[in-house]
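Take a look at the letters that make up each chain.
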Amino acid sequence: MTRVVVVGGGIAGLAAAHRLHTLRPDLDVVVLDQRDRPGGKLATGDLAGGPVERGAESFLMGDPAGGPSAAVRLAEEVGLGPAIVHPTPARAAVALDGGLRDLPAGTLMGIPLQAADSAPDEPAPAPLLPPGGDVTVGGLVRARRGDAVVDHYVEPLLGGVYAGRADRLSLRMALPALAAAAERTHTLTDALAEAVGASQRTPGAPVFGTIQGGMGRLVGAVAAALPDVRSGVTVRALHRHGAGWRLTLGSTRDAETLDADGVVLAVPAAPAARLLASVEGARAVPLEYASVALVALALPDTALPELSGFLVPATEGYAVKAVTFFDRKWAHLRRPGVTVLRASIGRHGDEARLQHPDEDLVQVVRAEVAKLLGMGALPAEIDRAVFRWGGALPQYEPGHRDRVATLRAGLAAHPAIAVAGAAYDGVGIPVCIASGRAAADTVLGWAGTTPGLEQ
């Protein structure tokens, strides 16, 4: 094996390329990305002279096994371990009935660990899920904790991660630890206790982290460590060629080819399906996506609640679904005379709201945030920015993991090809990094290379 091509320069593709290059520095590792910069949804912009995240703002510090997450390990590998910082203790809230309420304690993704007197939690005659089974999050929780719990707490928390709906999202993808526990328990209370116990970390250890200077700094450090990252390159086709693969690049009028011994596809489900259409036995994974817009406002120093931010359930009737007070949540972002907040708009199935011009979205955010905070109006902003992410967040329906397993089984019949990223293994920076690393291992496994790093 002399060359591996990674299609897609998001964090999953960059992580795959980094692992390939680390384990096989003699290998020609090429990253091809259609966008004008690597990093995908990880990017840091400027707002009023300071950094503001254009996409994801943080990552989990730990993994389910109790060690550091894949994001922490990657940051350390590229020399950014000392740059990891953590949020303040400021709490989050949820907007309900015209006011902001604290998110309840003793929950898992908003699901109370104990049933209320009015909520049934009778033992089922069989475990809540059959082995490998799947249901929606709402399908498991509504009957056992009530509609109000799902609508007021679970769905807005899920919406902050997936922009999705509890009654459509796969339990096994959204809450894998709870799904695994549900295979062994007969009540939701027992399943929640087991899931929470399995995820316990060292008391007082930080749950989230980010990179001082912005997530774009992590992207830049990983990309700088790679030998060949090409932006603005469209991969139009993929075919078997001899013992390896041939990729067709560029426009139909000016196409070129690039041959590789191995390929990692780290792109969303639809472009991956198009590239895999010529690969025998590779069954596409049907997957819908939700779009979101992020509106960031730099205000003159403004009195805000001592919160990290708040969530807004869809039942409240607002376009805004979440608001983060950046300089309350992250101490390293505080600047004298400036208050920075970022609001998120966009839920699955509600993309019409996002068709409006940037200025309209800014005015919607200004009006709704002021109303939610009980203010007459927000002060005129010093600076503003709107970041749009069309088709950004996968909507995993029940059975998604099985469909991905079927695809990977079909690819296993072909030499040195793997898929990686949020379309397959879940959202979140650590999950995408781990997915990219696993894809690199799959490709190297065909060459007889034994991985020398933990995933």
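(A) Representation of the sheet that holds strand S14 (residues 244-249) in the model. Strand order across the open sheet formed by three strands is S13-S14-S15, with antiparallel pairing between neighbours. Looking along the sheet, the strands with just one partner apiece sit at the ends: strand S13 (235-241) and strand S15 (256-260). Each strand of the sheet is rotated relative to its neighbour by a mean of 25°, with strand direction disregarded.

(B) Just the sheet that holds strand S16 (residues 262-265), in detail. Read across the open sheet, the five strands follow the order S12-S2-S1-S16-S22; overall the sheet is parallel. The sheet terminates laterally at strand S12 (229-231) and strand S22 (417-419), the two strands that pair on one side only. Put simply, the sheet's adjacent strands are angled 15° from each other on average, direction ignored. In terms of strand pairing, strand S1 (residues 3-7) meets S16 through four bridges, oriented parallel. Note that in S16 the partner of Val 5 across the bridge is Val 263.

(C) Quick look at the pattern of salt bridges. Per the stated rule, a full pass over the model turns up 29 salt bridges. Where Glu 155 meets Arg 165, a salt bridge forms, and the shortest distance between an N and an O atom there is 3.7 Å. Pair noted here: Glu 155 is in helix H4 (residues 147-162) and Arg 165 is in the loop between H4 and helix H5 (171-174), with a separation of 10 residues, a long-range link. The partner of Glu 183 in a salt bridge is Arg 172, with the nearest N and O atoms 2.8 Å apart. Taken together, the residues Glu 183 in the loop between helix H6 (176-182) and helix H7 (188-198) and Arg 172 in helix H5 connect sequence positions 11 residues apart. For Glu 183, a relative accessible area of 23% translates into the label partly exposed. Three or more residues joined by partner-sharing salt bridges are found here, namely Arg 142, Asp 147, Asp 151 and Asp 167.

(D) Local environment of helix H8 (residues 215-224). Residues of H8 that are buried: Met 215, Leu 218, Val 219, Val 222 and Ala 223. Considered in projection along H8, the buried side chains sweep an arc of 125° and stay on one side of the axis.

(E) Examining the environment of Leu 287 more closely. With respect to the helices, strands and loops of the structure, Leu 287 is situated in the loop between helix H9 (269-276) and strand S17 (288-300). Here the alpha-carbon distance between Leu 287 and Pro 268, two residues 19 residues apart in the chain, equals 9.0 Å. Excluding residues that lie within four positions of it along the chain, Leu 287 makes contacts with Ala 269, Pro 394, Gln 395, Tyr 396, His 400 and Ala 423.

(F) How the structure looks around the packing of aromatic side chains. The full count for this structure, using the stated rule, is two aromatic pairs. Seen from their ring centres, Tyr 162 and Tyr 396 are 6.1 Å apart, and the 80° between their planes marks the pair as edge-to-face. On the criterion of sequence distance, the pair formed by Tyr 162 in helix H4 and Tyr 396 in the loop between strand S21 (383-395) and helix H12 (400-411) is long-range, its members being 234 residues apart. Tyr 396 shares its class with Tyr 162; the two are buried.

(G) Structural detail: the packing of helix H3 (residues 137-145) against H7. Close contact between H3 and H7 brings their axes to 11 Å; oriented N to C, the two are set at 120°. Overall, the two elements H3 and H7 adopt an arrangement that is oblique. Residues Leu 140, Val 141, Arg 144 and Arg 145 of H3 lie in contact with H7, whose contacting residues are Leu 188, Thr 189 and Leu 192. By residue class, the composition of the contact of H3 with H7 is four nonpolar, one polar and two charged.

(H) Up close: the packing of helix H2 (residues 70-77) against helix H14 (residues 429-446). Close contact between H2 and H14 brings their axes to 7 Å; oriented N to C, the two are set at 70°. Considering their axes alone, H2 and H14 lie roughly perpendicular with respect to each other. Here H2 contributes Ala 70, Ala 71, Arg 73, Leu 74 and Glu 77 to the contact with H14, which in turn contributes Ile 429, Pro 430, Ile 433, Ala 434 and Arg 437. The residue makeup of the contact of H2 with H14, split by class, is seven nonpolar, no polar and three charged.

(I) A look at the nonpolar core. Ranked by internal contacts, the top residues of the largest apolar core, which has 58 residues, are Val 7, Leu 178, Leu 238, Leu 247, Val 263 and Leu 276. With near-sequence residues (within four places) excluded, Leu 276 lies in contact with Leu 238, Leu 265, Ala 282, Leu 407, Leu 411, Ile 417 and Val 419.

(J) Up close: H4. Look at H4: only 20 Å from first C-alpha to last across 16 residues, short of the 22 Å you get at 1.5 Å a residue. Of all bends in H4, the biggest is about 35°, found at Val 154, and the proline Pro 156 comes one to four residues later. Taken together, the buried positions of H4 are Val 149, Val 150, Tyr 153, Val 154, Glu 155, Pro 156, Leu 158, Gly 159 and Tyr 162. Positioned one or two residues after H4, Ala 163 has a phi angle of 55°, which is positive.

(K) Region of the structure containing the pairing of strand S8 (residues 99-102). The pairing of strand S7 (residues 91-96) with S8 spans four bridges and is antiparallel. Counted as the bridge partner of Ala 95 is Leu 100 from S8. Hairpin connection, S7 to S8: the antiparallel pair is bridged by two residues, and Asp 97 has positive phi, about 55°.

(L) Region of interest: the environment of Lys 329. Position of Lys 329 relative to the elements: it lies in helix H10 (residues 326-329). The contacts of Lys 329, once residues within four sequence positions are left out, are Glu 57, Pro 87, Thr 88, Ser 308 and Thr 324. Polar contacts involving the side chain of Lys 329 include one to the side chain of Glu 57, which spans 2.9 Å.

What counts and what doesn't
Residues numbered from 1 in each chain as written. Predicted model: local features only at pLDDT ≥ 70, side-chain atom pairs only at ≥ 80, totals over all residues. Heavy atoms only, no water. Pairing = 2+ DSSP bridges. Helix = DSSP H or I, 4+ residues; strand = E, 2+ residues; numbered from the N terminus. Axes fitted to C-alpha atoms, helices over the stretch in contact; angles between N-to-C directions. Salt bridge = Lys/Arg side-chain N within 4 Å of Asp/Glu carboxyl O. Buried < 20%, exposed > 50% of the residue type's maximum accessible area, 1.4 Å probe, protein only. Arc of directions from axis to C-beta. Contact = heavy atoms within 4.5 Å. Phe/Tyr/Trp six-rings, centres within 6.5 Å; stacked < 30°, edge-to-face > 60°. Parallel < 35°, antiparallel > 145°, perpendicular 65-115°, else oblique. Nonpolar A, V, L, I, M, F, W, Y, C, P; charged D, E, K, R; others polar. Core = buried A, V, L, I, M, F, W, Y, C linked by side-chain atoms within 4.5 Å. Expected span 1.5 Å × (residues − 1). Bend = angle between axes of the 7 residues up to and from the residue. Polar contact = N/O pair within 3.5 Å; in protein donor to acceptor, adjacent residues only side chain to side chain.

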